[in-house]
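Read off the chains here:
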Amino acid sequence: MKNQSVVNNIDWITVLIYAILVILGWMNIYSASLPLEETSFFDLTQIYGKQMLFIIMAIPLILVILSMDAKIFEKYSTVFYILGIFLLLGLFAFGKTIKGQTNWYQFGSFGFQPSEFVKTATALLLAKLVSDTQINLKLFKHQLIALAVFGFPVLLILMQPDAGSAMIFLSLVFVLYREGLPSWYLWTGFIGIALFILALIVKPVFLIGFVLLVMIIHFILNARITRNPIIYAALFVAITGMVLSVDYVYENVLEPHQKDRINVLIGEDVNMQKEGYNLNQSMIAIGSGSWIGKGYLEGTQTKGGFVPEQHTDYIFTTVGEEWGFVGATVVIFLFVCLFLRIIYLAERQKTKFSRIYGYCVATYLFTHFMVNIAMLIKLFPTIGVPLPFFSYGGSSLWAFTIMLYVFIKMDANKVNEW
Amino acid sequence: MRKLFLPSFIIVIATVLIARLFYLQILDDSYIKKSDNNAIKIVYDYPERGYIYDRNGALLVANQPSYDIMVIPKEIKNLDTLEFCTILKITKDEFIKKIEKAKVYSPRLPSVFLAQLNKNEYAAFQEKIRKYEGFYIQKRSLRDYQVEVGANVFGYITQVNDAIIEKNPYYKSGDLIGMQGVEQMYEEVLRGIKGVKYRQRDRFNKDIGPYKEGIYDTTAVQGKDITLTLDAELQKYGEALMKNKRGGIVAIEPKTGEILALVTAPSYDPAILVGRERSKNYTALYNDSIAMPLFDRGLLAEYPPGSPFKILTALVALQEGVIDEQTQFVCNHGWSYGRGSFMKCHCGGGVRNLNVGIYKSCNAYFGNVYRLTIDKYQKPRFGVNAWSGHLKSFGLGNFMGYDLPPGRKGHIPTSKYYDRWYPNGGWRSSTIISNSIGQGEVLMTPIQLANMMATIANQGYYYTPHIIKKIKGQQIDKKFRTKHITTIDKQYYTPVVNGLFDVFNHGTAAGVRVEGIEICGKTGTAENFTKISGKRVQLQDHSVFVAFAPRHDPKIAIAVLVENGHYGATWAAPISSLMIEKYIKKDTITRVDLERRMLEGSLQAEYDKVINGFYVDPNWEKKNEVEGDKKTEVKEVKDEKKTDTKSGTKKEEKKESPQKNNPNIKTTGTDKKTTVTTNKKQKSEKK
């Protein structure tokens, strides 16, 4: 039997959620960039007009991806990856520096951010390598290979420096965990982050005392299993060292603006007109939304232009203000549906390659979503990460579209996999 | 299990996010109030900027009213552009450009449309303002200068730029901020705090009265008046004396560290940086890289100090115990301090002790003294560090910490510095002997020289020089009230001060004695170099003089630098003596001829030499150096050819040297490395 029609096998649920999110996103961008005078929706001098153009241009992009041979993605994943790395390297020579970050290429009035596309390329190569039957993620050597695939772009992106994008890549650990990476990687990460934050709030002495107490209790209760005091001691020394070095890292490694963002988060005394301004205005916009919001195009915060960069990273504040708790919950619900649907589809894949890729897509989108919304409501330090399909920007919209539709194509093609 | 991890994590996070949103949006209603706060219009009330007085209470800087037209682009409605432009006398293109610029800043926030209207323009516009929705008038106050001097001390005020607004949210578009001088240093004191009125607005942006009956409104806090340590009369006199010359004068009251006069020449009338002409005039000053009127020479002119430095050489040697008052050295019109190394001297030769050494400014004497100081220790490294340690206690080799923005560190070398130049060691006291007479690697600014004299006047201590005397209702910074004590013991100052006094009795400054005032001082010449078409060229020496007076109970310490003025006694010493006389006697100067000669004297011809290419002509040096040497004739012919091509490109060269538009970079500045041996010949002609 010849290839079945792609159209019949496309997962229309995913496509539908995608379309709804993109349209809702545009509506909010329109509100956030409300024009001075009456103009048409396609006024290309306006932000919403440009976004409309980006959305329309995404349609042929989708058609091209769907009509490609699904095998290409696996076959040329190395090429995509190397191309991506070159694009990242090229930034250091040709990139445009905005606010100290060099992560854009500028062509006339349009910008292009390669790290967005490198995400997809990295996911493809990771899927290819890990799906190899020879690879066993229980082996240290193979773990290293897998980590190196996204570790390399992370290094390049950190040099831009763009901590936000780098963090997104690190979330791929979730995928490796799904594929058999030992769980202590995850736990080390979680505990490390928790200790770092605690060490900033609590006095180190108390924290170390608490850790010691937990370990002693664990040691006593753990009587049945081999309990090697040396391992406990080493662990304790490591944790103590880390807790004590937090102050040093905080004072000497972090940039002033990063410090500010952490200060804002842990409630240190901050100036609401300076470093605290963005978060404060964002909380005011969302917090004043109440149950059903102030109504579309009626948000006083949005209309007053109080939230800076509202159409990009802060777009969710418009949702919160104008559509209230109900609207915000609906949007979150839509996103969660999309993530779970992708994971469901991924688990249904016949090849390991497309399963891993699907997982990568879900992880990427979810991490963006989590970090973006959490930073607006003071659950996470401010990091410049866009909300997928919502935030203004051609690069990010197209990158997320490509990322998602490559998976939709793979999924549609699975009937042909034997 | 592993399959379920990510989905569960997603659901947990989503729940946390929703719970947090529930708390913010439903439970906590404080944000609704804050949002209302945002939707109100803020009207600012600008307080008047503080006045500036001199030490005797004379008003120096006051204010005058000025009116800006502000615009909120989003609120412009039904505008008769033609009429509007006619009233303000602007073209339609200008109008469009200004509106575009305002939109870029913010469509919803006010920005300046037209700044600083005069009274007539204001009156004409005021009549029709009701018709122009989206525009309003903001009253501000501009500076009104009562004197024509002190521009470098006052600084100026200007509209904040975008970078400042971003950095400091107190400032909004169109606000004024102090730049340079005391306007910058005491910005927050002078500025006061602007008052804020909150006006409530409905959905249609209409003002519906004060928000919550004005409970959040704040009244403006008036800027505080400040009193400077400056003596306006002395400052005026100093600027008059420096007319048509380049250089600087710093006068300090030794007992307090108060700056009595801070003159830089050329300067400008502070009033030209007020009003709409400000930007044009400022650009002209900024681009004048030849005379550099924005370069505060009193604070920034960094040169090897020359002879005045000998005072310190003597003090350090006395403290280190390597000489006493009676120690004698023989001067053979110079001093042979090593094989083939000879330091020339023009004091006349003979047996020199401390007193004669100082007033005759004997190079040989101080060379000997310096060598003993360095060689007291087993290794020259320790000697140099001990020496520089003493000098640093005078505040040298570092920023002084005074309350004016610009400054230079000067340079006092340590052993580290020489180890870098001679990585294999091998430097000795003879290598660095030129430090003894203030050449070598030593660099000082006029204010450091003045402070040095203040310290000597006080016999061992100084207060950090400062320009602020009083802030209404506030004490001046503690660092200006803290005594700095030098590492030289008090008893060693007496013989040195006697030597400085004898400079006026039988030394280099005998010609400028002032009847009735016992002045102690020292002349000096500062070598300086410039690069002309890539070649290092020595220019005419700077004339330097330092002094304090009266000898007992000193009231003023002064340093004067006259660029390319040749001997210290030619320009700097007479100017210093006139300044001292003016300050201490407070009445008319008795030495009328000298005064007239100084007031009218001009060094413009000397300065034009650089511009006219006098120093560019390669034959100039040759003629001076090897006159009559036949061998060079052939070369000279060749050089003439070169000269032709050079004179053809002279215009380019002229452009090249002033290309550094940065007023802080001195094109005619010094070149750091100076050595005695290479300049022996030229020095011999000079001293």
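Residues numbered from 1 in each chain as written. Chains lettered and ligands numbered in written order. Predicted model: local features only at pLDDT ≥ 70, side-chain atom pairs only at ≥ 80, totals over all residues.

Trainee: Help me out: how do you make sense of the overall build of chain B in this one?
Mentor: Counting its secondary structure elements, chain B contains 26 helices and 22 strands. Counting only residues that meet the buried cut, chain B has 40% of its 687 residues in that class. The contacts in chain B between residues at least 6 apart in sequence include a share of 73% that link residues at least 24 apart. (Helix = DSSP H or I, 4+ residues; strand = E, 2+ residues; numbered from the N terminus. Buried ≥ 20, exposed ≤ 12 C-beta atoms within 10 Å, placed from the backbone. Contact = placed C-beta atoms within 7 Å.)

Trainee: Would you explain the overall build of chain A in this entry?
Mentor: Scanning chain A from N- to C-terminus turns up 18 helices and three strands. Look at the contacts in chain A between residues 6 or more apart in sequence, and 68% of them connect residues 24 or more apart.

Trainee: What should I look at first to understand the nonpolar core in this one?
Mentor: A general tendency of soluble globular proteins is for nonpolar side chains to be buried together. Among the nonpolar cores identified, the biggest contains 136 residues, and Ala251, Ala450, Met453 and Ile558 of chain B are the most heavily contacted of them. A total of eight residues in this core trace back to one element, the largest contributor, which is helix 18 (residues 446-457) of chain B. Two domains each donate at least three residues to this core, and these are domain 1 (41-225) and domain 2 (247-281 + 296-614 + 660-681) of chain B. Those residues in contact with Met453 of chain B that sit more than four places away from it in its chain are Val546, Ala547, Phe548, Ala557, Ile558 and Ala559 of chain B. Residues Phe73, Met283, Ile373 and Tyr405 of chain A belong to the second largest nonpolar core, which totals 104 residues. (Core = buried A, V, L, I, M, F, W, Y, C linked by C-beta atoms within 7 Å. Domains from an automatic or database assignment.)

Trainee: Quick question: what am I supposed to make of unusual backbone geometry here?
Mentor: Excluding glycine, a negative phi dihedral is what most residues carry, and trans is how most peptide bonds are arranged. Residue and element names in this part refer to chain B. Here the residue pair Ala265 and Pro266 is connected by a cis peptide bond, since its omega of -5° sits within 30 degrees of zero. In this structure, Pro266 sits in the loop between strand 12 (258-265) and helix 11 (278-287). Between Ala549 and the following residue, Pro550, the backbone shows a cis peptide bond with an omega angle of -15°. Mapped onto the elements, Pro550 comes out in the loop between strand 21 (535-549) and strand 22 (556-562).

Trainee: Just checking my understanding: could you explain the confidence of the model for chain B for this structure?
Mentor: Any residue range with low pLDDT should be treated as having predicted coordinates unsuitable for detailed reading. Residues and elements named next belong to chain B. Summing up the model confidence of chain B, the mean pLDDT is 81 and the portion of residues at 70 or higher is 86%. For the stretch residues 617-687, pLDDT sits under 50, and the model shows 66 contacts to residues farther than four places along the chain or on other chains. Taken over the whole predicted complex, pTM reads 0.56, whereas the ipTM for its chain interfaces reads 0.88. (pLDDT = per-residue confidence, 0-100.)

Trainee: Sorry if this is basic, but what is going on with the sheet that holds strand 3 (residues 110-112) of chain A here?
Mentor: Working definition: the strands of a sheet are paired by backbone hydrogen bonds and lie parallel or antiparallel to each other. All names here are of chain A. One open sheet holds the three strands; their spatial order is 1-2-3, and the pairing between them is antiparallel. The open sheet terminates on both sides in strands that have one partner only, identified here as strand 1 (96-98) and strand 3. Across the sheet, the axes of successive neighbouring strands diverge by a mean angle of 50°, strand direction being ignored. Note that strand 1 and strand 2 (residues 101-107) share three bridges and pair antiparallel. By the bridge assignment for strand 2, Lys96 is matched with Trp104. (Pairing = 2+ DSSP bridges. Axes fitted to C-alpha atoms, helices over the stretch in contact; angles between N-to-C directions.)

Trainee: What should I look at first to understand the interface of chain A and chain B in this one?
Mentor: Reports often express the size of an interface as the amount of accessible area lost when the parts come together. Opposite the 38 residues of chain A that make contact, chain B presents 30 residues. The element contributing the most residues to the side of chain A that touches chain B is helix 16 (residues 315-348) of chain A, with eleven residues. Per-class residue counts for the side of chain A that touches chain B are 22 nonpolar, 13 polar and three charged. (Nonpolar A, V, L, I, M, F, W, Y, C, P; charged D, E, K, R; others polar.)

Trainee: Help me understand the packing of helix 14 (residues 277-287) of chain A against helix 16 of chain A, please; the structure alone is not making it clear to me.
Mentor: Between two packed helices, what matters for the description is the angle formed by their axes and the separation of those axes. All names here are of chain A. Running from N to C, helix 14 and helix 16 point in directions that differ by 35°, and their axes come no closer than 7 Å. Of the residues in helix 16, those touching helix 14 at Ser282, Ala285 and Ile286 are Thr317, Gly320 and Glu321. Grouping the constituent residues of the contact of helix 14 with helix 16 by class yields two nonpolar, three polar and one charged.

Trainee: Hey, could you run me through the pairing of strand 14 (residues 334-338) of chain B in this one?
Mentor: The side chains of a regular strand alternate, residue by residue, between the two faces of the sheet. Residue and element names in this part refer to chain B. As judged from the four bridges shared by strand 14 and strand 15 (residues 341-344), these two strands associate in the antiparallel manner. Bridging from a neighbouring strand, Ser336 pairs with Phe342 of strand 15. In textbook terms, the turn of a hairpin is the stretch between consecutive antiparallel strands, and for strand 14 and strand 15 this stretch comprises two residues, one of which, Gly340, has a positive phi near 70°.

Trainee: What exactly am I supposed to notice about the sheet that holds strand 12 of chain B here?
Mentor: Residue and element names in this part refer to chain B. Pairing in this open sheet of five strands is antiparallel, and the strands run 12-11-22-21-20 from one edge to the other. Sheet topology places strand 12 and strand 20 (520-532) at the edges, where each strand pairs with a single neighbour. Strand-to-strand, the axes of this sheet are offset by a mean angle of 10°, without reference to chain direction. Against the sheet, helix 20 (residues 572-585) touches strand 11 (247-253), strand 12, strand 20, strand 21 and strand 22, its axis set at about 150° to strand 22.

Trainee: Help me understand the packing of helix 13 (residues 310-320) of chain B against helix 16 (residues 380-392) of chain B in this model?
Mentor: Residue and element names in this part refer to chain B. Relative orientation of the contacting elements helix 13 and helix 16 amounts to 115°, with a least axis distance of 10 Å. Helix-helix and strand crossings are classified by hand; for helix 13 and helix 16 the assignment is right-handed. Listed contacts from helix 16 to Leu312, Val316, Gln319 and Glu320 of helix 13 are Ala386, Trp387, His390 and Leu391. (Left-handed = near helix turned anticlockwise from the far one by under 90°.)

Trainee: What's the story with helix 17 (residues 352-376) of chain A in this structure? I'm lost.
Mentor: Each full turn of the α-helix corresponds to 3.6 residues, which orients residues three or four apart in the same direction. Across its 25 residues, helix 17 of chain A extends 36 Å between first and last C-alpha, which sits within 8% of the 36 Å expected from 1.5 Å per residue. Most of helix 17 of chain A sits inside the fold, with 23 of its 25 residues counted as buried. (Expected span 1.5 Å × (residues − 1).)

Trainee: Help me out: how do you make sense of the confidence of the model for chain A in this one?
Mentor: When pLDDT is averaged across chain A, the result is 83; 90% of the residues are at 70 or more. Within chain A, helix 15 (residues 300-303) of chain A has the poorest average pLDDT of any element, 70, and helix 16 of chain A the best, 93.

Trainee: Whenever I open this one, helix 1 (residues 2-27) of chain B confuses me. Can you help?
Mentor: Along its 26 residues, helix 1 of chain B runs 37 Å from first to last C-alpha, staying within 8% of the 38 Å computed at 1.5 Å per residue. Every buried residue belonging to helix 1 of chain B is among Leu6, Ile10, Ile13, Ala14, Leu17, Leu21, Leu24 and Gln25 of chain B, and all of these are buried.

Trainee: In this structure, what is going on with the environment of Tyr268 of chain B? I would like to understand it.
Mentor: Residues and elements named next belong to chain B. Along the chain, Tyr268 falls in the loop between strand 12 and helix 11. For the pair formed by Tyr268 and Pro293, sequence separation is 25 residues and the distance between their alpha carbons is 7.0 Å. Leaving out residues up to four positions away in the same chain, Tyr268 has contacts with Ala151, Leu285 and Pro293.

Trainee: How do you make sense of the environment of Gly350 of chain B when you look at a structure like this?
Mentor: Looking at the element boundaries, Gly350 of chain B is found in strand 16 (residues 350-352). Residues Gly350 of chain B and Asn332 of chain B, 18 residues apart in the sequence, show an inter-C-alpha distance of 6.6 Å.

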